[in-house]
Amino acid sequence: MMASFSFAINGIRTAIMAERNMRIHLVSSVIVICCSIFFSISTIEWLIILLVIGGIFALELVNSAIERVVDLVTEEYLSLAKQAKDLAAGAVFIYAIVSIVIGIVIFLPYMLTILSR
Ligand SMILES: Nc1ncnc2c1ncn2[C@@H]1O[C@H](COP(=O)(O)OP(=O)(O)OP(=O)(O)O)[C@@H](O)[C@H]1O
């Protein structure tokens with residue numbers, strides 16, 4: 001139990017060090033959490049934000065795992081390898097777009113309220 005926990009933490013550390021996207025997600029998440037505190041968003045909005053942040057990290061980890069498995073299987077340029085990587089990248093992309101839309105829907109009204117004061 002403790003061993004699998006430490007393997008998982010290891011994986012997260014590896015991804016943060018090796019994947020630029022993970023660091024981008026990390027910085028974006030800190031900014032989003034700061035905005036959430038600043039605007040005093042509601043409990044339900046916090047839950048949605050946390051779900052979105054957790055989701056993008058989890059998805060990026062799976063994407064990184066798929067990239068490594070593909071690289072492990074072949075160093076050749078193969079159509080299936082390309083498809084596997086592009087599909088995984090597509091999953092992250094869809095989630096990122098949805099996250100941005102959710103961010104706009106949640107934060108725009110707060111920003112407009114402050115601007116209209
Ligand atoms: N073995 C391969 N065969 C065919 N196409 C590949 C192969 N490896 C990578 N590609 C293509 O190159 C793209 C980039 O692959 P790469 O492994 O560099 O991921 P990446 O873009 O660096 O991902 P990330 O930015 O998340 O680290 C893939 O999406 C895929 O289209």
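Residues numbered from 1 in each chain as written. Predicted model: local features only at pLDDT ≥ 70, side-chain atom pairs only at ≥ 80, totals over all residues.

- The chain carries the name Undecaprenol kinase in an unreviewed UniProt entry, which gives Neobacillus ginsengisoli as its organism.
- Per UniProt, the comment on the chain under Sequence similarities (unreviewed entry) is "Belongs to the bacterial diacylglycerol kinase family."
- UniProt annotates the chain under Subcellular location (unreviewed entry) with the comment "Cell membrane". (UniProt positions renumbered as here; feature names shortened; annotations may be inferred.)

## Some thoughts on the site of the ligand
Consideration 1: Lining the immediate surroundings of the ligand are Glu 19, Asn 21, Glu 67, Thr 74, Tyr 77, Leu 78, Ala 81, Lys 82, Lys 85, Asp 86 and Ala 89.
Consideration 2: Considering every element that reaches the shell around the ligand, the biggest residue donor is helix α4 (residues 79-115), with five residues.
Consideration 3: Its residues assigned to classes, the shell around the ligand shows four nonpolar, two polar and five charged. (Near = placed C-beta within 6 Å. Helix = DSSP H or I, 4+ residues; strand = E, 2+ residues; numbered from the N terminus. Nonpolar A, V, L, I, M, F, W, Y, C, P; charged D, E, K, R; others polar.)

## As for the packing of helix α1 (residues 2-18) against helix α3 (residues 43-73)
Consideration 1: Orientation of α1 relative to α3, taken along the N-to-C sense of each, is 80°, at an axis distance of 11 Å. In terms of orientation, α1 and α3 fall into the roughly perpendicular class. The residues of α3 that touch α1, namely those facing Gly 11, Ile 12 and Ala 15, are Glu 60, Leu 61 and Ser 64.
Consideration 2: Its residues assigned to classes, the contact of α1 with α3 shows three nonpolar, two polar and one charged. (Axes fitted to C-alpha atoms, helices over the stretch in contact; angles between N-to-C directions. Parallel < 35°, antiparallel > 145°, perpendicular 65-115°, else oblique. Contact = placed C-beta atoms within 7 Å.)

## Details of helix α2 (residues 20-39)
Consideration 1: The end-to-end C-alpha separation of α2 is 29 Å, in line with the 28 Å expected for 20 residues at 1.5 Å each.
Consideration 2: Listed in full, the buried residues belonging to α2 are Met 22, His 25 and Ser 36. When α2 is viewed along its axis, its buried side chains cluster within an angular range of 50° and face the same direction. Those residues of α2 that are exposed and angled more than 90 degrees off the buried face are Arg 20, Val 27, Val 30, Ile 31, Cys 34 and Phe 38.
Consideration 3: Elements that come into contact with the buried residues of α2 comprise α1 and α3.
Consideration 4: Downstream of α2 by a residue or two, Ser 40 has a phi angle that is positive, lying close to 50°. (Expected span 1.5 Å × (residues − 1). Buried ≥ 20, exposed ≤ 12 C-beta atoms within 10 Å, placed from the backbone. Arc of directions from axis to C-beta.)

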